[in-house]
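A structural walkthrough
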Amino acid sequence: MAIQGPIPISFEQVFPHGCYIVGEVEQVKDFDASNNGRTVYAKDKNTGELIWQVAVMDADPTVKAGQKTVSVKILSPVQPVPPAALPGLPFVPVEFDAMTVTAYVGQNTGRLAWSIRARAMRAPRTAAPARQAAAGKEVAA
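What this report covers is the structure whose coordinates are included nearby. (Residues numbered from 1 in each chain as written. Predicted model: local features only at pLDDT ≥ 70, side-chain atom pairs only at ≥ 80, totals over all residues. Heavy atoms only, no water.)

1. What about the pattern of salt bridges?
What counts, and what does not: Any Lys or Arg side-chain nitrogen found within 4 Å of a carboxyl oxygen on Asp or Glu counts as a salt bridge. Helix numbers and strand numbers start at the N terminus; a helix is a DSSP run of H or I with at least 4 residues, a strand a run of E with at least 2. Partly exposed describes any residue whose relative accessible area lies between the buried limit of under 20% and the exposed limit of over 50%, with all areas from a 1.4 Å probe on protein chains only and scaled to the type maximum.
Summed over all chains, the structure comprises 4 salt bridges. Arg122 is the partner of Glu95 in a salt bridge, and the nearest nitrogen-oxygen pair spans 2.8 Å. With a gap of 27 residues between them, Glu95 in strand S6 (residues 92-97) and Arg122 in strand S9 (residues 120-122) connect regions that are remote in the sequence. The residue Asp97 makes a salt bridge to Arg122 at a minimum N-O spacing of 2.9 Å. Placement of the pair is Asp97 in strand S6 and Arg122 in strand S9, with a sequence separation of 25 residues. For Asp97, a relative accessible area of 26% gives the class partly exposed. By relative accessible area, Arg122 is classed as buried at 18%.

2. Digging into the pairing of S6
This is how the line gets drawn: Pairing between two strands requires that DSSP report at least two bridges joining them.
Within S6, 5 of the 6 residues are buried, leaving the element largely enclosed by the surrounding structure. Bridge count between strand S2 (residues 19-21) and S6: 3 bridges; the pairing is antiparallel. Its bridge partner lying in S6, Ile21 is registered against Val92. Pairing between S6 and S9: 3 bridges, direction antiparallel. Of the residues in S9, the one forming a bridge with Phe96 is Met121.

3. Some thoughts on the side chain of Asp44
To keep it simple, the criterion reads: Two N or O atoms count as a polar contact when they lie within 3.5 Å, although within protein this holds only if one can serve as hydrogen donor and the other as acceptor, and sequence-adjacent residues are included solely when both atoms are side-chain atoms.
Topologically, Asp44 is positioned in the loop between strand S3 (26-27) and strand S4 (51-58). There is a polar contact of 3.1 Å between the side chain of Asp44 and the backbone nitrogen of Asn46. Among the polar contacts made by the side chain of Asp44, one reaches the main-chain amide nitrogen of Thr47 at a distance of 2.8 Å.

4. Things to note about the pairing of strand S7 (residues 99-105)
Bridge analysis of strand S1 (residues 7-9) against S7 gives 3 bridges, and the strand direction is antiparallel. By the bridge assignment, Ile7 is partnered in S7 with Val101. The pairing of S7 with strand S8 (residues 112-118) spans 6 bridges and is classified as antiparallel. By the bridge assignment for S8, Thr102 is matched with Ser115. The antiparallel pairing of S7 with S8 creates a hairpin that spans 6 residues between the two strands, and Gly110 there sits at a positive phi of about 70 degrees.

5. Description of the environment of Val94
Spelled out, the test is: Residues count as neighbours in contact if any of their non-hydrogen atoms are within 4.5 Å of one another.
Here Val94 lies in strand S6. Look at Val94 and you get buried, because its relative accessible area is 1%. In this view, Val94 contacts Phe11, Cys19, Tyr20, Ile21, Val56, Pro83, Met121, Arg122 and Pro124; residues no more than four positions away in its chain are not counted.

6. Points about the side chain of Arg122
Side-chain polar atoms of Arg122 contact the side chain of Glu95, separated by 2.8 Å. A distance of 2.9 Å separates the side chain of Arg122 from the side chain of Asp97, its partner in a polar contact. The residues contacting Arg122, other than those within four sequence positions of it, are Pro83, Val94, Glu95 and Asp97.

Laid out in structure tokens, this is it:
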């Protein structure tokens, strides 16, 4: 099979309606390497960079409640900083760059699941043409 490793994917394909940060950015622990009260943090096997994670809520209104919140892992040598909060919004909108997905079978469910990774997070771009078109709005040329 030609597909090997993580599959590159765009933010718009994963979150066509956008997403919002609903948790803290945390460093991922390597539970296999940690022992005797000594915590070891996970590093990416290919790049050696530290792995961080943040919980986000998918803004797609058709997603089932139990599937709205997902974890996005971010590869970075330092802790990624979330975008600034916007006045009047209870959650912080966010977009991710250089995203990949990796399929796996969930241990608890036995079902196909996806691990989502990114290289960076940032504030959403304003008036993204793809999102305007998806919302049925006209895009000025």
